[in-house]
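# Tertiary structure, described
What follows is each chain in one-letter form.
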Amino acid sequence: MRKKLLQTVLIALPFFGFGQVIISEDFNGTAIPSTWTVQQLNANETWGIYTNTSGSVASVDYDESLGQQNEWLISPSFALGNANYYYLKFKAGLSYYWAVDPNDNYDVFAKISTDNGATWTQIWSETNLGTFSNYVMNSVMIDLNSYKQSECKNCISVCRFGRCGVLH
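Residues numbered from 1 in each chain as written. Predicted model: local features only at pLDDT ≥ 70, side-chain atom pairs only at ≥ 80, totals over all residues. Heavy atoms only, no water.

The next point concerns the overall build of the protein. When its secondary structure is counted, the protein shows one helix and 13 strands. From first element to last, N terminus to C terminus, the protein shows the α and β order β-β-β-β-β-β-β-β-β-α-β-β-β-β. In the protein, buried positions account for 48% of the 168 residues. A separation threshold of at least 6 residues defines the contact pool for the protein, and within that pool the share at least 24 residues apart is 74%. (Helix = DSSP H or I, 4+ residues; strand = E, 2+ residues; numbered from the N terminus. Buried < 20%, exposed > 50% of the residue type's maximum accessible area, 1.4 Å probe, protein only. Contact = heavy atoms within 4.5 Å.)

Dropping the structure here:
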């Protein structure tokens with residue numbers, strides 16, 4: 001049975017300003033949408049669509065050959081105006097047992113770029129969830145107000161074994 005590194009439903013990757021959705025993706029298709037970018041390090045496992053009893057999710061599988069993984073899922077560019085409030089919202093389901101304690105085998109990050117992906121700033125990691133249950137979908141909401149008036153991209157990245165150097 002394959003272990004899921006991360007099941008993430010970007011049910012709404014919305015950035016709201018007065019209720020206006022700037023970008024949203026539910027990943028209900030059969031493949032990652034062509035407007036999104038997958039940066040793949042591992043030849044065997046990277047981002048794909050996985051269907052479970054709750055529907056479809058974007059997911060990264062564990063590479064049983066123990067190859068290094070540093071898999072990125074990057075949104076299309078979007079512009080944040082000057083509305084009162086912007087946030088990134090998604091759900092993440094991962095294993096506390098394999099990602100945090102007692103086995104710190106992988107990390108999950110949300111990042112933002114304001115220079116078309118040349119540099120990235122980490123804005124969240126799985127440690128921000130605190131203690132959580134294995135593979136339960138956890139709602140995450142990240143304040144993006146400090147990025148108003150910017151052209152942005154967001155990414156979710158998965159790094160296994162801490163060897164990937166994804167902290168930029």
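Past the structure itself, the notes keep going.
In this section: the packing of aromatic side chains. For any pair of aromatic rings, the description rests on two quantities: the centre-to-centre distance and the angle between the ring planes. Evaluation of the coordinates by the stated rule reveals six aromatic pairs. Residues F27 and W36 carry aromatic rings whose centres are separated by 5.3 Å and whose planes lie at 65° to one another, so their mutual orientation is edge-to-face. Since its relative accessible area comes to 0%, F27 is described here as buried. A relative accessible area of 8% means that W36 is categorised as buried. The interplanar angle of 85° and the centroid separation of 5.0 Å between the aromatic rings of Y96 and F132 together place this pair among those described as edge-to-face. Of this pair, Y96 sits in helix α1 (residues 96-99) while F132 is found in the loop between β11 (121-125) and β12 (138-143), placing the two residues 36 residues apart along the sequence. Like F132, Y96 is buried. When the ring centre of F109 is taken as reference, the NZ or CZ atom of K111 above it lies at 5.2 Å. (Phe/Tyr/Trp six-rings, centres within 6.5 Å; stacked < 30°, edge-to-face > 60°. Lys NZ or Arg CZ within 6 Å of the ring centre and 35° of its normal.)

Of note, the amide linkage connecting D101 to P102 takes the cis form, showing an omega dihedral of 10°. The topology assignment puts P102 in the loop between α1 and β10 (106-113). Although it is not a glycine, F27 sits at a positive phi angle of roughly 55°. By secondary structure assignment, the location of F27 is in the loop between β3 (20-21) and β4 (37-39). Phi angles above zero are rare outside glycine, and Q149 is one such case at about 65°. One can find Q149 in the loop between β12 and β13 (151-160).

Within the largest apolar cluster, 31 residues are counted, with the highest numbers of intra-cluster contacts made by W47, F90, W124, I142 and L144. Those elements that place two or more of their residues in this core are β6 (55-61), β9 (87-94), α1, β10, β12 and β13. (Core = buried A, V, L, I, M, F, W, Y, C linked by side-chain atoms within 4.5 Å.)

Inspection of the secondary structure puts K91 in strand β9. A relative accessible area of 31% means that K91 is categorised as partly exposed. Here the alpha-carbon distance between K91 and V136, two residues 45 residues apart in the chain, equals 9.3 Å.

That is the geometry; function is a separate question.
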